[in-house]
Amino acid sequence: MSIDIVFHTPEIPGNTGNAIRLAAVTGAYLHVVEPLGFDLTDAKLRRAGLDYHDLAHVTVHPDLDHLWQTLGQRRVIAFTTHTTDSFAEVAYEDGDVLLFGQESTGLPAEVVDDDHVDLRVRIPMLPGRRSLNLANSASIAIYEAWRQHGYAGA
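As recorded in an unreviewed UniProt entry, the protein chain goes by Putative tRNA (cytidine(34)-2'-O)-methyltransferase and comes from Brevibacterium casei S18. Its UniProt record gives the protein chain the following Subcellular location (unreviewed entry) comment, quoted word for word: "Cytoplasm". Reading the Sequence similarities (unreviewed entry) entry of the UniProt record for the protein chain gives the comment "Belongs to the class IV-like SAM-binding methyltransferase superfamily. RNA methyltransferase TrmH family. TrmL subfamily."

Have a look at this one:
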């Protein structure tokens, strides 16, 4: 099964480092859309990714248009707090793209409403909580998609 994870303009190097490790252990592809809130040589990014950098497929895109061109016609699932649809109700498909926003603000409206986005889902949380950690959110999502496919390849 092939699933891609996208971090749109991430701000915290440790989250992206953890996503690199996540991509390596699940076989997912990680796409990171600039601008980034850190330098790709940041020690925190390297430390969080440990020795998994060489085992992960990571592509850095200069902007969202470049990402869309690279992905082609694939189903894009945006993770946002601005919907009532649960991520757990999705039947994940081979080739899906899981799109996440930056840590402080999530996905901007112009990205959530982009024509390339097919579904908008949320990860349930208790009321009054603002958000879940970005790397944790990606982990929850990719493991649900992978679980639905019997952890193919594991």
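Resuming the write-up.
Enquirer: Looking at this model, I keep getting lost on the packing of helix 1 (residues 13–26) against helix 5 (residues 134–148). Mind explaining?
Expert: Describing two packed helices takes the angle between their axes plus the distance from one axis to the other. With their axes 9 Å apart at the nearest point, helix 1 and helix 5 run at an angle of 15° to one another. It follows from the interaxial angle that helix 1 and helix 5 lie roughly parallel. Crossing geometry of helix 1 relative to helix 5 is assigned as right-handed. Each of Asn15, Asn18, Leu22, Val25 and Thr26 in helix 1 lies in contact with helix 5, whose residues at this interface are Leu134, Ala135, Ala138, Ser139, Ile142, Tyr143 and Trp146. Grouping the constituent residues of the contact of helix 1 with helix 5 by class yields 8 nonpolar, 4 polar and no charged.

Enquirer: Whenever I open this one, the pattern of salt bridges confuses me. Can you help?
Expert: Pairing between side chains of opposite charge can happen when their charged atoms approach one another. Going through the model one piece at a time under the given rule, you end up with 4 salt bridges. Among the salt bridges present, the one from Arg74 reaches Asp4, with a minimum N-O distance of 3.2 Å. Separated by 70 residues along the polypeptide, Arg74 in the loop between helix 3 (64–71) and strand 4 (76–79) and Asp4 in strand 1 (residues 4–8) bring together distant segments of the chain. Asp4 sits in the buried class, given a relative accessible area of 4%. When the shortest N-O distance is used, the salt bridge between Glu144 and Arg147 registers 2.8 Å. Here Glu144 and its partner Arg147 are both found in helix 5, 3 residues apart, which amounts to about one turn of the helix. Take Glu144: its relative accessible area is 13%, and that puts it in the buried class. The exposure class of Arg147 is partly exposed, given its relative accessible area of 43%. Taken together, the salt bridges that share partners define one network made up of Arg75, Glu93 and Asp96.

How each quantity is defined
- Residues numbered from 1 in each chain as written.
- Predicted model: local features only at pLDDT ≥ 70, side-chain atom pairs only at ≥ 80, totals over all residues.
- Heavy atoms only, no water.
- UniProt positions renumbered as here; feature names shortened; annotations may be inferred.
- Axes fitted to C-alpha atoms, helices over the stretch in contact; angles between N-to-C directions.
- Helix = DSSP H or I, 4+ residues; strand = E, 2+ residues; numbered from the N terminus.
- Parallel < 35°, antiparallel > 145°, perpendicular 65-115°, else oblique.
- Left-handed = near helix turned anticlockwise from the far one by under 90°.
- Contact = heavy atoms within 4.5 Å.
- Nonpolar A, V, L, I, M, F, W, Y, C, P; charged D, E, K, R; others polar.
- Salt bridge = Lys/Arg side-chain N within 4 Å of Asp/Glu carboxyl O.
- Buried < 20%, exposed > 50% of the residue type's maximum accessible area, 1.4 Å probe, protein only.

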